[in-house]
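Overview (structure and organization)
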Amino acid sequence: MTGNKRDYLNTMIFQPKIRLMLAVKVGSFISGLSRKMQMGEGAVVGGRIALKIEPDLLSLLSESKTSILVSGTNGKTTTTKLLSAALSSAGSVVSNSAGANMPAGLVAALWSAKAKDFAVLEVDEAHLGIVAPSVKPKVVVLLNLTRDQLDRVSEVRMLAKKWKDVLASIPKTVVVANSDDPIVVWAVKSSPKVLWAQVGHSWISDANGCPNCGGKINYSESEWHCSNCDLKKPSPQGYLDGNYFHLQDGTSYEINLSLPGRVNQSNAAMAAMAASIFGLDYKSCFESMQSLKQVAGRYDEVEIDGVRVRLLLAKNPAGWAEIFSFLSSDNIPVVIGINAQIADGKDPSWLWDVEFEKFADRFVVATGSRAYDLGVRLSYAEVPHEVEQDFVAAIKRANSSRVDFIGNYTAFQQLRSLAKKAYK
Amino acid sequence: MNESKIYIADIHPDLLGTYGDGGNAVVLAQRLKWRGMQAEIVKVNSQSPIPSSCDFYCLGGGEDAPQAQSAYELRKSGALNKAVESGAVVLGDGAGFQILGDSFAVGGTDLQPGVGILDVTSVKGLGPRSVGEVMAVGQEPAKGIYLSGYENHSGITLLGASVSALASVIHGNGNNPTDNTEGAVNGRVIGTYLHGPVLVRNPQLADLLLSWVVEDLAPLDDSEIEILRSQRFSSFNHNNKSNLRSIFDSIGQKLNL
Ligand SMILES: [Zn+2]
């Protein structure tokens, strides 16, 4: 009798359908529990446990969906949101929350979907190699590849090689890629189906050495090529010029977003190109994107202790290059939060690749657990500043009714959660 | 070049400089300017002529292919060797350190020749990459200077007979996992695995290098840097595991979730 019972249980657990159901039930229960205990959004821990029960969960859950993956160093979250907005006119869309962009976060996003048409998923650039073969996406959007988190993802080119290998294993997938980023082009160019978008690249320091041969890449106004091998800018199917995205067929579309900055127009252009693969027209895509006013708190204005704070995220030199391009010229004080937790990378030496000299006319308050790394950087850049490691005290120290807060990943999240508390 | 002006060459910032290493040249220049001296950073990109008459040369860290390219150009030019003969100060870190040596290996196992101004050889390590905060105590000529930095390298470096170690490692790995040495010195040529960048975190080392070229270095207010240094040094005593979340995470890790 007991033997029969064990056999029965064994059969039950090794039934794929039951294991899938068990994985989802247990995972979502843990996620809910973790959320109730206020340990963050909970998706990741539940997803991890579910993946232990059913290692194939990612591919099982994505079978019934039309999946689009968005990856790159900068702009993943925004592009995912813009693409979701565009696609929502064609069907229902499920997407992962910002930051939960590794397999555990992705399964948690997929199990909450009920017969959704589209799964638009932001994927960590170092995890694309694991995620893409499981999900078998219809489309992959590749934005850029620059250095980020030096202590973890040590070599940009190593990552590009991984992208190249994984794209070769999913030849049916259409790739939408940035033709202005030599590292992306090298990783993508041998894929059979590529749509190239010329949307600019504000950070070429990582791409001076050719990813193919190590030679020098020469840049001119409209093209780039390696001085040593045949790697060069491919001719794009669409290009961004000012507020307009021009297509090869001669049509042009105005991009008029609520989100600030040239970088978001680039993200929008790439998102629209991905949406066009599903038959959507560019005009209505860009119109749907207008409704997006903030992205997981970015560009949002909040109040902290009576101060109006605009929240901005910049987690690496490329992100900072974009920030400088749209910061207001009215010289309001800037509070910069720098942490060095695992999610930020434990090595903030990249601060020396940011042109803080541009803040010479502004008052800056350095905050976060690595405020002194930033403080020393600002001293050498001769930027007037103070150092205050406590976030709220730092905002008060700016002594202004309005400030721009620019944080790296966990510093941004920390300030955002403070703002939520202040509102309640 | 102008006799009273100090020239600091930032060598191949387009190939090397992965870890914010351009900061080393900035630190040298600013510490001269703040003392009323004239200084200029000369950025020398790859495929440009390399000057041999600068007072300081800084080479940063980089990835394999750019490192090989930089070493090739430096060897071909010979300018760095010439500059060293006429008394220039050279600082290489990470890949830049390896380039200054006799030979190094990138990618596969084949050794490539370096510039040959430091008697060291670097090979790919077989163990895990050395990544993390480092604390080390300087040896002659940096005797007694406590060095702070961050290392991130898979290569290991072995010192030859005609160089001495820059420092002894207290925390971290340094040149290799076995002999406790960090960096190398021969005359006015220094190599190290520390970045942060290294001269930012270690103003005493910056001033030591400067003192080889200029006299009468007045003291500067380094109080902000001293706070940074003490925080970095005390980070070795902290294990930030007090909050609920990290307990939750560490249980997850133990269960291998
Ligand atoms: Zn090439």
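Small disclaimer: the values here were computed from a predicted structure and weren't measured. (Residues numbered from 1 in each chain as written. Chains lettered and ligands numbered in written order. Predicted model: local features only at pLDDT ≥ 70, side-chain atom pairs only at ≥ 80, totals over all residues. Heavy atoms only, no water.)

Here's the deal with the overall build of chain A
For chain A, the count of helices and strands is 15 helices and 17 strands. Here the contacts in chain A between residues at least 6 apart in sequence split such that 66% fall between residues at least 24 apart. Accessible area of chain A: about 17500 Å², with a carbon and sulfur share of 51%. (Helix = DSSP H or I, 4+ residues; strand = E, 2+ residues; numbered from the N terminus. Contact = heavy atoms within 4.5 Å. Areas by Shrake-Rupley, 256 points an atom, 1.4 Å probe, with all protein chains shown as cover.)

Topic: helix 2 (residues 64-77) of chain B
All names here are of chain B. Given a rise of 1.5 Å per residue, 14 residues ought to cover 20 Å, and the 20 Å separating the end C-alpha atoms of helix 2 matches this to within 8%. Pro66, Gln67, Ala68, Gln69, Ser70, Ala71, Glu73 and Leu74 are the residues of helix 2 that are buried. Where helix 2 ends, the next residue or the one after it, Gly78, has phi of about 75°, a positive value. (Expected span 1.5 Å × (residues − 1). Buried < 20%, exposed > 50% of the residue type's maximum accessible area, 1.4 Å probe, protein only.)

Here's the deal with the pairing of strand 9 (residues 146-153) of chain B
All names here are of chain B. Among the eight residues in strand 9, seven count as buried, and that is most of the element. Here eight bridges tie strand 8 (residues 130-138) to strand 9, and the two strands are oriented antiparallel to one another. Pairing of Ser130 across the sheet is with His153, part of strand 9. (Pairing = 2+ DSSP bridges.)

Observations concerning the coordination of the zinc ion
All names here are of chain A. Listed as protein donors to the zinc ion are Cys210 (SG), Cys213 (SG), Cys226 (SG) and Cys229 (SG); their distances from the metal cover 2.2 to 2.3 Å. Angles of 100 to 114° at the metal separate the four donor atoms of the zinc ion, which places the site in the tetrahedral class. Read in sequence order, the donor residues for the zinc ion give the motif C-x2-C-x12-C-x2-C. For Cys229, a relative accessible area of 22% puts it in the partly exposed group. (Donors = N, O, S within 2.8 Å, 3.2 Å for Na, K, Ca; no water. Tetrahedral: all angles 85-135°; square planar, octahedral: opposite > 155°, others 65-115°.)

Some points on the sheet that holds strand 10 (residues 244-247) of chain A
All names here are of chain A. The nine strands are arranged 2-3-1-4-5-6-9-10-11 in an open sheet whose pairing can be described as mixed. Across the chains shown, the open sheet's two edge strands, defined by having one partner strand only, are strand 2 (93-95) and strand 11 (252-254). Mean inter-strand twist for the sheet, computed between neighbouring axes without regard to direction, equals 20°. In the sheet, strand 4 (residues 139-142) pairs with strand 5 (residues 174-178) via four bridges, with the strands oriented parallel. Residue Val139 lies in a different strand from strand 5, and its bridge partner there is Val174. (Axes fitted to C-alpha atoms, helices over the stretch in contact; angles between N-to-C directions.)

Focus on the nonpolar core
Across soluble globular proteins, nonpolar side chains show a tendency to be buried alongside one another. The biggest cluster of nonpolar side chains holds 99 residues, and the ones touching the most others in it are A:Phe245, A:Met289, A:Trp320, A:Phe356, A:Phe359, B:Ile8 and B:Leu205. In terms of residue count, helix 10 (residues 262-276) of chain A provides more of this core than any other element does, eight residues in total. With residues near it in sequence (within four places) discarded, B:Leu205 still touches B:Ala142, B:Ile145, B:Leu147, B:Leu166, B:Ile190, B:Val198 and B:Leu199. Counting residues in each nonpolar core, the second largest holds 50 residues, with A:Leu61, A:Leu110, A:Ala177 and A:Ile217 among its members. (Core = buried A, V, L, I, M, F, W, Y, C linked by side-chain atoms within 4.5 Å.)

With respect to the interface of chain B and chain A
One widely used convention gives an interface's size as the accessible area the parts lose upon coming together. Every contact between the two is made by 41 residues of chain B and, on the other side, 36 residues of chain A. At the boundary of chain B and chain A, one finds three salt bridges. Ionic pairing is found between A:Lys216 and B:Asp14, a salt bridge with its closest N-O pair at 3.3 Å. Our enumeration of links across chain B and chain A arrives at 11 residue pairs in polar contact (both at pLDDT 80 or more). Residue assignment for the side of chain B that touches chain A shows that the elements contributing at least two residues are helix 1 (22-33), helix 2, strand 8, strand 9, helix 5 (198-201), helix 7 (223-234) and helix 8 (244-254) of chain B. The element contributing the most residues to the side of chain B that touches chain A is helix 7 of chain B, with six residues. Its residues assigned to classes, the side of chain B that touches chain A shows 17 nonpolar, 14 polar and 10 charged. (Salt bridge = Lys/Arg side-chain N within 4 Å of Asp/Glu carboxyl O. Polar contact = N/O pair within 3.5 Å; in protein donor to acceptor, adjacent residues only side chain to side chain. Nonpolar A, V, L, I, M, F, W, Y, C, P; charged D, E, K, R; others polar.)

Describing unusual backbone geometry
Along the chain, B:Glu140 connects to B:Pro141 via a cis peptide bond; the corresponding omega equals 5°. Position of B:Pro141 relative to the elements: it lies in the loop between strand 8 and strand 9. Looking along the chain, the bond that leaves B:Gly196 and enters B:Pro197 is cis, with omega of -15°. Positive phi, close to 75°, is recorded for A:Tyr299, a residue that is not glycine. In this structure, A:Tyr299 sits in the loop between helix 11 (282-289) and strand 12 (301-304). Phi is positive for B:His12, which is not a glycine, with a value near 50°. With respect to the helices and strands, the residue B:His12 is situated in the loop between strand 1 (5-11) and helix 1. For B:His12, a relative accessible area of 0% translates into the label buried.

Quick notes on the side chain of B:Glu151
All names here are of chain B. Position of Glu151 among the secondary structure elements: in strand 9. Reaching out from Glu151, the side chain makes a polar contact with the side chain of His153 at a distance of 2.9 Å. Contact partners of Glu151, with chain neighbours within four places excluded, come to Ser130, Val131, Gly132, Val134, Gly172, Asn173, Gly174, Tyr193 and His195.

Description of the domain arrangement of chain B
All names here are of chain B. Structurally, chain B comprises domain 1 (6-218) and domain 2 (221-257). The C-alpha-based centres of domain 1 and domain 2 are spaced at 28 Å. Facing 13 residues of domain 1, the contacting portion of domain 2 comprises nine residues. Both faces considered, domain 1 and domain 2 share a buried interface measuring about 930 Å² in area, 61% of it formed by carbon and sulfur atoms. (Domains from an automatic or database assignment. Buried area = accessible area lost by both parts, 1.4 Å probe.)

Quick look at the sheet that holds strand 2 (residues 38-44) of chain B
Residues and elements named next belong to chain B. On the basis of which strands lie adjacent, the open sheet formed by six strands has the order 2-1-3-4-14-13 and mixed pairing. A strand with exactly one partner marks an edge of an open sheet, and here the two such strands are strand 2 and strand 13 (184-186). Each adjacent strand pair in this sheet contributes to an overall mean axis angle of 15°, direction not counted. Sheet topology places strand 13 next to strand 14 (residues 189-192); three bridges connect them, and they run antiparallel. Counterpart to Ala184 in the pairing with strand 14 is Gly191.

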